[in-house]
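Each chain is listed here by its residues.
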Amino acid sequence: ESGNITGHDCHLLPQSSYIKGPAQETGCQHMLQASNLTAEFNQLMEKFDLKLRMTEEVSMISNAANQQNDSAQCQELHDAPVMTVFDEQLRSRVRKAYKADFELLGDNTVL
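Residues numbered from 1 in each chain as written. Predicted model: local features only at pLDDT ≥ 70, side-chain atom pairs only at ≥ 80, totals over all residues. Heavy atoms only, no water.

1. Examining the overall build of the chain
Rules: Strands here mean DSSP runs of E at least two residues long; helices mean DSSP runs of H or I at least four residues long; both are numbered from the N terminus. Burial here depends on accessible area, computed with a 1.4 Å probe over protein chains only, as a share of the maximum for the residue type. Under 20% is buried, over 50% is exposed, and the range in between is partly exposed. Contacts between residues were defined by any pair of non-hydrogen atoms, one from each residue, lying within 4.5 Å.
Along the chain, the regular secondary structure elements total seven helices and zero strands. Along the chain, helices (α) and strands (β) appear in the sequence α-α-α-α-α-α-α when read from the amino end. Per-residue burial for the chain yields a buried fraction of 14% across its 111 residues. Here the analysis covers contacts within the chain between residues at least 6 apart in sequence; of these, 32% occur between residues at least 24 apart.

Printed below as a string of structure tokens:
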């Protein structure tokens, strides 16, 4: 809440900071959802008649490599519901700090 969001190489910046400027003007014309990134990216490239394409294989290879490097404990955390990993106070602080993200990109009711 009162922390430095530009710390840690800006990894804590809300995603909305990349989409909207300081005056809240929208700089992005095309927002792609991470959950459907491959399909939406390819549709965007087709729209502008660009030959660049993303494949599902790249995502699958990346995920497989990450899973091989995960320890059993990391896998257990990965598979656990958010409600069991983080307490209500922390989830509330995250919802407050990233409120603009949830409003712009969709409300994550799991959190």
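Okay, back to it.
2. Thoughts on unusual backbone geometry
Non-glycine residue Asp 49 carries a positive phi angle of around 55°. The topology assignment puts Asp 49 in the loop between helix H2 (37–47) and helix H3 (56–69). Judged by its relative accessible area of 63%, Asp 49 falls in the exposed class.

3. Re the pattern of salt bridges
Counted only if it meets this: Basic side-chain nitrogens of Lys or Arg form a salt bridge, by our definition, when they fall within 4 Å of a carboxyl oxygen of Asp or Glu.
This model, assessed by the stated rule, comprises four salt bridges. Note that Glu 46 and Arg 53 form a salt bridge whose closest N and O atoms lie 4.0 Å from each other. Its salt-bridge partner being Arg 95, residue Glu 88 comes within 2.6 Å of it at the nearest N-O pair. Classification of Glu 88 as partly exposed rests on a relative accessible area of 42%. Within the structure, one salt-bridge network assembled from shared partners comprises Glu 88, Arg 91 and Arg 95.

4. A word on a nonpolar patch on the surface
Condition: Nonpolar side chains (Val, Leu, Ile, Met, Phe, Trp, Tyr) are joined into patches within 5 Å and like charges within 9 Å, using only residues with over 30% relative accessible area and no salt bridge. In short, Shrake-Rupley with a 1.4 Å probe defines the accessible areas, and a residue's cover is counted only from the protein chains shown.
Among the surface-exposed residues, Leu 77, Val 85, Phe 86 and Leu 90 lie close enough to one another that they form a single nonpolar patch of about 320 Å² accessible area. Tracing the backbone shows Val 85 in helix H5 (residues 82–85). Given a relative accessible area of 32%, Val 85 falls into the partly exposed group.

5. A closer look at the confidence of the model for the chain
Atomic detail in the predicted coordinates should be set aside for any region of low pLDDT. Just so we agree on the cut-off: Known as pLDDT, the predictor's per-residue confidence is scaled from 0 to 100.
Considering every residue of the chain, the mean pLDDT works out to 78; 71% of them sit at 70 or more. By mean pLDDT, H3 is the weakest element of the chain at 59, and H2 is the strongest at 94.

6. What about the side chain of Glu 40?
Note the cut-off: Charged residues are defined narrowly, with Lys and Arg counted positive, Asp and Glu counted negative, and His plus the chain ends left uncounted.
In this structure, Glu 40 sits in helix H2. Buried Glu 40, no salt bridge; nearest opposite-charge side chain is Lys 47, N-O distance 12 Å. Leaving out residues up to four positions away in the same chain, Glu 40 has contacts with Met 31, Leu 32 and Gln 33.

7. Some remarks on the environment of Ser 17
On the secondary structure map, Ser 17 appears in helix H1 (residues 16–19). Exposure remark for Ser 17: the relative accessible area of 38% places this residue in the partly exposed category.

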